[in-house]
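One letter stands for each residue in the lines below.
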Amino acid sequence: MKIAQMKSCKLKRWALGLALALSSYAHAHAHQCYADPKQAYQALIAKQSAQKVMSERVNINTASIGELATLNGVGAKTAQAIVDYREGFGRFERVDDLTKVKGIGVKTLEKNRHRLTVH
């Protein structure tokens, strides 16, 4: 196969992959338009990366402030309160013990229960 044909095949595969990615993204986010396909692709990658972070489990006994802040309804201040509570009172025995931290209520706990763990 000639070099020009190989480049053409690679370009076609890349274009097809980009088209599929854009199609998937456009279907899920029809309200958002991008003039540049590369920008749309980068937005798709960023969204997928954020979804991965949001689906990972968080050990409330070892998580950093940044990791805790990825929880739904938990900002930097509440994440710091979780760390402060953990340092002051020791490890959490159960996920439900998180409600002992000021700023964490039952609703916040339930929104995040699927992502929380203790070890």
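Residues numbered from 1 in each chain as written. Predicted model: local features only at pLDDT ≥ 70, side-chain atom pairs only at ≥ 80, totals over all residues. Heavy atoms only, no water.

### Examining the overall build of the protein chain
Put simply, the test is: Each helix corresponds to a stretch of at least 4 residues labelled H or I by DSSP, and each strand to a stretch of at least 2 residues labelled E; elements are numbered beginning at the N terminus. Summary of the burial criterion: residues with accessible area below 20% of their type's maximum are buried, those above 50% are exposed, and those between are partly exposed, where the area comes from a 1.4 Å probe applied to protein chains only. Contacts are assigned to residue pairs with any non-hydrogen atoms lying within 4.5 Å of each other. Here the accessible surface of atoms and residues is derived via Shrake-Rupley with a 1.4 Å probe, and residues count as covered only by protein chains that are part of the display.
Scanning the protein chain for helices and strands turns up 5 helices and 2 strands. Classification of the 119 residues of the protein chain by burial places 28% in the buried group. At a minimum sequence separation of 6, the contacts of the protein chain that also span at least 24 residues come to 42%. Summed over all atoms, the accessible surface of the protein chain reaches about 8,300 Å², with 59% contributed by carbon and sulfur.

### As for the pattern of salt bridges
Quick reminder of the rule: The salt bridge criterion pairs a side-chain nitrogen of Lys or Arg with a carboxyl oxygen of Asp or Glu, the two atoms within 4 Å.
Throughout the structure, instances matching the rule amount to 4 salt bridges. Among the salt bridges present, the one from Arg-113 reaches Glu-110, with a minimum N-O distance of 2.8 Å. Residues joined in a network through salt bridges with shared partners are Arg-94, Asp-97 and Lys-100.

### Brief notes about the UniProt feature "domain: Helix-hairpin-helix DNA-binding motif class" (unreviewed entry) in the protein chain
So the rule is basically this: UniProt positions are given in the numbering used here, feature names are shortened, and annotations may be inferred rather than shown by experiment.
UniProt records the feature "domain: Helix-hairpin-helix DNA-binding motif class" (unreviewed entry) for residues 66-85 and 96-115 in the present numbering. The straight-line gap between the two end C-alpha atoms of residues 66-85 is 16 Å; of that span, 65% is helix and 0% is strand. Helix makes up 35% of residues 96-115 and strand 0%. Its end C-alpha atoms lie 13 Å apart.

### Observations regarding the environment of Val-118
Within the element layout of this structure, Val-118 appears in the segment after strand 2 (116-117). Through-space distance from the C-alpha of Val-118 to that of Arg-57 is 9.8 Å; in sequence the pair is 61 residues apart. Residues in contact with Val-118, not counting those within four places in the same chain, are Asn-59, Ile-60, Asn-61, Phe-92, Glu-93, Arg-94 and Val-95.

### Comments concerning the packing of aromatic side chains
Operational definition: Any Phe, Tyr or Trp ring, taking Trp's six-membered ring, that has another such ring centre within 6.5 Å forms a pair; planes under 30 degrees apart are called stacked, those over 60 apart edge-to-face, and the others tilted.
Using the criterion set out here, one finds 2 aromatic pairs in the structure. Aromatic side chains Tyr-85 and Phe-92 sit 5.5 Å apart centroid to centroid with 15° between the ring planes, which places their arrangement in the stacked category. An identical accessibility class is assigned to Tyr-85 and Phe-92; each is buried. Cluster of aromatic residues (ring-pair linked, three or more members): Tyr-85, Phe-89 and Phe-92.

### Quick look at the side chain of Asn-61
Test applied: Definition of a polar contact: a pair of N or O atoms within 3.5 Å, with one able to donate and the other able to accept a hydrogen when the atoms are protein atoms, and with sequence-neighbouring residues admitted only if both atoms are side-chain atoms.
Its place among the elements puts Asn-61 in the loop between strand 1 (58-59) and helix 3 (65-68). A polar side-chain atom of Asn-61 sits 2.6 Å from the main-chain amide nitrogen of Phe-92. Setting aside anything within four residues of it in sequence, one finds Asn-61 in contact with Arg-86, Arg-91, Phe-92, Val-118 and His-119.

### Remarks on the nonpolar core
Formally: Nine residue types can take part in a nonpolar core, namely buried Ala, Val, Leu, Ile, Met, Phe, Trp, Tyr and Cys, and a core is a set of them joined through side-chain atoms within 4.5 Å.
Core analysis: the biggest nonpolar cluster contains 17 residues, and Leu-68, Ile-82, Phe-92, Leu-98, Val-101 and Leu-116 have the highest contact counts within it. With 4 residues, helix 4 (residues 76-89) is the single largest residue contributor to this core.

### Concerning helix 4
Short version of the rule: A helix is expected to span 1.5 Å for every residue after the first. Of all possible arcs, the one meant is that of the directions from the helix axis to the C-beta atoms.
For helix 4, spanning 14 residues, the distance from its first C-alpha to its last is 20 Å, which sits close to the expected 20 Å at 1.5 Å a residue. For helix 4, every residue scored as buried is listed here: Thr-78, Ala-79, Ile-82, Val-83, Tyr-85 and Arg-86. Here the buried residues of helix 4 occupy an arc of 160° about the axis, which is enough to place them on one side. Every exposed residue of helix 4 that faces more than 90 degrees away from the buried side is listed here: Ala-76, Lys-77, Glu-87 and Gly-88. Buried residues belonging to helix 4 abut helix 3.

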